[in-house]
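Listed below are the residues making up each chain.
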Amino acid sequence: MFDSELALYLKMYTIRRTEETLLSLIGQGRIAGTVHTCLGQEACAAGVVGVLNPARDIVVSNHRNHGHFLAFTDDVEGLVAEVMGRRTGVGKGVGGSQHLHAKNFFSSGVQGGMMPFALGMALAEKVNATGGVTTVMIGDGTFGEGVVYESMNIAAKWEAPLLIAVEANGFAQSTPTDVQHAGDLSSRASTFGIPSTVVDGNDVLAVHEIAASIVDEVRTTQTPRFLLLNTYRLGPHSKGDDERTAAELEAHSGADPLRRSRDRIAIELEEQVALSERAVDDRIEHAVEAAEHAEPWSYGSFLREATGLGEAVE
Amino acid sequence: MTRTYLQSLQQGLGRIMEADPAVHVIGEDIVDPYGGAFKVTKGLSTSYPDRVWSTPISEGSIVGLSAGMACRGVPVIVEIMFGDFVTLCADQVVNHISKFQAMYGAGLEMPLVIRAPMGGGRGYGPTHSQSLERLFFGLPHLQIVAPCQFHDPGKELERALATKKPTLFIEHKLLYPADVGEASSNLSISPPTDASIGAATMVRNFSGTTPDITIVAYGGAALLVQTVLERMVAEEVKVAACFPIDLQLLDMDRVLEECRASRRVLVVEEGWRSFGWGSEVVAVLQEALWHELEAPVRRVGAAPTVIPAAREMEKAMLPSVESIEQALIETLS
């Protein structure tokens, strides 16, 4: 049990340290644009995305997607280079932080906009009888978007093998959830007849266990499921924009999924945990260095290679 | 054998479904016995019950899910019942569908055609008569294909899907009953020699080499232009008309050739005249032919207001044979 939690913990640790590194690079002016980090929400990424099979399952994510991407692909180097705008990045620096694609992973930055796309991919997997499960990750703020409801209705009616996983982190940017949403978020999908489950999204073991069983249900029944993960965004919405008080953040520090998990496994595996953490730290450091020294992009090669549209556009 | 524009589309859909068992057709009210608001899918769900899906009224979601299917090897033709409703899927088209191939890498194939019946002339009023393809002009990585009666719309539909690039396919509602590829003996039709998407079809009301004037138009406006071409025979005005089909690519080679010969040009579209497709055509013409034109290039388009339901008012507000002829005479004088 400690061994299996160690693997989950290290997934979370990789996400946490990679994002902290990205925030620090932003602070140093070494990254253009911004990053939306999932500090505090790593158990959702490791626990839900971690149970999927990258060879046949699909993940569709949003602007706050680094955790999902790393849990699905473990491509620290590709992510760091991408966010740093390098040709060696997973999207050759075109998409940047919030528009990632590698094999069966797709993310984009408009709230709710990827719901129908995910639904369509789920339907295609059903038509093609691949047994693949499509998981769409959204946030509680996304429930303000109409297309989410259109898509839940169709997912239920057409029995799409789709898992809708909601990270309820308490905020839409700066607006608290209870200030903007009427009713109970956990019943948003059950009104369409989609079986729904709520889990403590800060307990990686609980998330992993429930997600495994729900993904299995989606796969075997070929119908949609809804999973609401209660979590808390410990970091800023984007870069350093955060108006919350230190006291408010401190009050939630006990919810930190990394601390909770580490406290549990360190009882038995303290030395192994520390060693593994150092290996992750080294890996991230090397990823930054490699990206830093990657060959620079030219506009002409961007048109040719990234878009395949060179001559038509030039 | 005479076929209407509607029949050409129906036959094209039939060929597509028969040739590729992966293709799906999706849209509101498209299954039999209703067969779609304009009957383009009539009979299709009877022949292919598993692959023709009628949807709830959810344009945003159905267009987005069609893109998702297309990206996973299931080509989709999705129908927007009235083209006016493209606003409801605009986020999907602008921020998602048109971005995916360039953003995620060109290796991503997207065999997706969004069919949208557009245009007025049927008294449907302000929200069911517009030519809203104009909202997407200039949007990179979205093909906009608008066949007129001088094209073969069924074949163009096949061609658009085969490009595996997202395409907005514009069908003017008044074109459905029109015969395709046919014209009176006064007119000669010259389809593009290069059959790739984007090439224009040329129609002339004279024989010989030099036209007096060239008209450039697309889609439903071609019906009006056809009448003008025929009426100008009696007036002994030699008119060459160019009908581009891909509104984004504006492959202007053949168009420029005619315009260079006539030195006088008129551009016609049914959408609002200002900031429209015609404005772009005029810009290209003046860049290429600045010293060769005899007269300013005129644009004919709709007046900048809502499209009235009342027949006479709608007729006055949209381009008409009369308004095109008026502009033509002014450009010639």
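Overview of the overall build of chain A
- Scanning chain A from terminus to terminus reveals 12 helices and nine strands.
- Relative to the globule expectation of 20 Å for 314 residues, the C-alpha radius of gyration of chain A, 19 Å, shows essentially globular dimensions.
- C-alpha atoms of chain A, sized along the principal axes, occupy 60 × 50 × 40 Å.
- A buried classification covers 55% of the 314 residues belonging to chain A.

Describing helix α8 (residues 277–289) of chain B
Residues and elements named next belong to chain B.
- The end-to-end C-alpha distance of α8, which contains 13 residues, comes to 18 Å, matching closely the 18 Å that a straight helix rising 1.5 Å per residue would cover.
- Of all the residues in α8, the buried ones are Trp277, Gly278, Val281, Val282, Leu285 and Leu289. Angular distribution of buried residues about the axis of α8 spans 130 degrees; they occupy a single face of the element.
- Packed against the buried residues of α8 are β9 (213–217), α7 (253–262), β11 (265–272) and β12 (298–302).

A short note on the pairing of β12(B)
Residues and elements named next belong to chain B.
- In the sheet, β11 pairs with β12 via four bridges, with the strands oriented parallel. Bridging across to β12, Val267 finds its partner in Arg299.
- Traced from β11 through α8 to β12, the parallel crossover comes out right-handed.

A few points about the confidence of the model for chain B
- Residues at a pLDDT of 70 or more form 98% of chain B, whose mean pLDDT is 95.
- Scored as a whole, the predicted complex attains pTM 0.96, and scored at its interfaces, ipTM 0.95.

Let's talk about the side chain of A:Thr135
All names here are of chain A.
- Examined against the element boundaries, Thr135 turns out to sit in strand β4 (residues 134–139).
- Given the relative accessible area of 0%, Thr135 is considered buried.
- With sequence-adjacent residues up to four places away left out, Thr135 is seen in contact with Val48, Leu52, Ile58, Val59, Val60, Leu163 and Ala165.

Thoughts on the pattern of salt bridges
- In the structure shown here, the tally under the stated rule is 31 salt bridges over all chains.
- The closest approach of N and O atoms between B:Glu330 and B:Arg298, which form a salt bridge, is 2.5 Å. Placement of B:Glu330 in helix α10 (residues 321–332) and of B:Arg298 in strand β12 is noted, with a sequence separation of 32 residues between them.
- Residues joined by salt bridges that share partners form a network here, namely A:Glu5, A:Asp200, A:Asp203, A:Arg260 and A:Arg264.

A look at the environment of A:Lys157
- Turning to its location among the elements, A:Lys157 is positioned in helix α6 (residues 146–157).
- In sequence terms A:Lys157 and A:Phe192 are 35 residues apart; their C-alpha atoms lie 8.3 Å from each other.

Quick look at the packing of aromatic side chains
- Across all of its chains, the model carries 21 aromatic pairs over all chains by this definition.
- Between A:Phe72 and A:Phe105, the ring centres sit 6.4 Å apart and the planes meet at 40 degrees, which makes this aromatic pair tilted. Remark: A:Phe105 occurs in strand β3 (residues 105–107) and A:Phe72 occurs in helix α3 (residues 66–73); sequence separation between them is 33 residues. You'll find A:Phe72 and A:Phe105 in the same group, each marked buried.
- With a centroid separation of 4.4 Å and 35 degrees between ring planes, the pair formed by A:Phe117 and B:Phe100 is classed as tilted. With A:Phe117 in helix α5 (residues 115–127) and B:Phe100 in helix α4 (residues 90–104), this residue pair bridges two chains. Across this residue pair, the class does not change: A:Phe117 and B:Phe100 are buried.
- Over the ring of A:Trp297 we find A:Arg87; its NZ or CZ atom is 4.9 Å from the centre of that ring.
- The ring of A:Phe143 has A:Arg188 lying over it, and the distance from NZ or CZ to the ring centre is 5.8 Å.

Observations regarding the sheet that holds strand β10 (residues 239–243) of chain B
Residue and element names in this part refer to chain B.
- Read across the sheet, six strands follow the order β7-β8-β10-β9-β11-β12 without closing on themselves; strand pairing throughout is mixed. Edge strands, defined here as strands with exactly one partner in the open sheet, are β7 (188–190) and β12. The sheet shows a mean angle of 20 degrees between the axes of neighbouring strands, direction not considered.
- Across the sheet, helix α6 (residues 221–234) lies against β8 (201–204), β9, β10 and β11, angled at about 165 degrees from β10, the strand it touches most.

Notes on the interface of chain B and chain A
- Tallying the contact residues gives 31 residues for chain B and 33 residues for chain A.
- Both faces combined, the contact of chain B with chain A buries some 2500 Å², and carbon together with sulfur accounts for 68% of it.
- Applying the counting rule to chain B against chain A returns one salt bridge.
- Two residues, A:Glu125 and B:Arg72, come together in a salt bridge whose shortest N-O distance is 3.0 Å.
- Put simply, the parts of the chain that give the side of chain B that touches chain A at least two residues each are β2 (52–54), α3 (59–71) and α4 of chain B.
- Looking at the side of chain B that touches chain A, the element that brings in the most residues is α3(B), giving 10 residues.
- Of the residues contributing to the side of chain B that touches chain A, the split by class is 14 nonpolar, 14 polar and three charged.

So, the pairing of strand β6 (residues 167–172) of chain B
All names here are of chain B.
- Burial runs high along β6: six of the six residues are buried.
- The alternating pattern of β6 places Thr167, Phe169 and Glu171 and Leu168, Ile170 and His172 on opposite faces, both of which are buried.
- Summarising the sheet, strand β4 (residues 112–118) and β6 pair through six bridges and their orientation is parallel. Across the sheet, residue Val113 finds its bridge partner in β6, namely Thr167.
- Relative to β6, strand β5 (residues 143–145) runs parallel, the two sharing three bridges. Bridge pairing links Val145 to Phe169 in β6.
- Taking the sense of rotation as the criterion, the β-α-β connection linking β5, helix α5 (residues 153–162) and β6 turns out right-handed.

Describing the sheet that holds strand β5 (residues 162–168) of chain A
Residues and elements named next belong to chain A.
- In space, the seven strands of this open sheet follow the order β2-β3-β1-β4-β5-β9-β8, with mixed pairing throughout. Of all the strands in the sheet, just β2 (101–102) and β8 (196–200) have a single pairing partner and so form its edges.
- Sheet analysis places β2 next to β3, joined by two bridges and oriented antiparallel. Looking at β3, one finds that His101 is bridged to Phe106.

Description of the packing of α3(A) against helix α4 (residues 76–83) of chain A
All names here are of chain A.
- Two elements in contact, α3 and α4, have axes whose closest approach is 9 Å; the angle formed by their N-to-C orientations is 150 degrees. Relative to α4, the element α3 lies roughly antiparallel. Residues His66, Phe69 and Leu70 of α3 touch α4, and the partners they reach there are Val76, Leu79 and Val83.
- Class assignment for the residues of the contact of α3 with α4 results in five nonpolar, one polar and no charged.

Rules used in this analysis
- Residues numbered from 1 in each chain as written.
- Chains lettered and ligands numbered in written order.
- Predicted model: local features only at pLDDT ≥ 70, side-chain atom pairs only at ≥ 80, totals over all residues.
- Heavy atoms only, no water.
- Helix = DSSP H or I, 4+ residues; strand = E, 2+ residues; numbered from the N terminus.
- Rg over C-alpha atoms; globule rule 2.2 N^0.38 Å.
- Buried < 20%, exposed > 50% of the residue type's maximum accessible area, 1.4 Å probe, protein only.
- Expected span 1.5 Å × (residues − 1).
- Arc of directions from axis to C-beta.
- Contact = heavy atoms within 4.5 Å.
- Pairing = 2+ DSSP bridges.
- Right-handed = clockwise from strand over helix to strand, strands pointing away.
- pLDDT = per-residue confidence, 0-100.
- Salt bridge = Lys/Arg side-chain N within 4 Å of Asp/Glu carboxyl O.
- Phe/Tyr/Trp six-rings, centres within 6.5 Å; stacked < 30°, edge-to-face > 60°.
- Lys NZ or Arg CZ within 6 Å of the ring centre and 35° of its normal.
- Axes fitted to C-alpha atoms, helices over the stretch in contact; angles between N-to-C directions.
- Buried area = accessible area lost by both parts, 1.4 Å probe.
- Nonpolar A, V, L, I, M, F, W, Y, C, P; charged D, E, K, R; others polar.
- Parallel < 35°, antiparallel > 145°, perpendicular 65-115°, else oblique.

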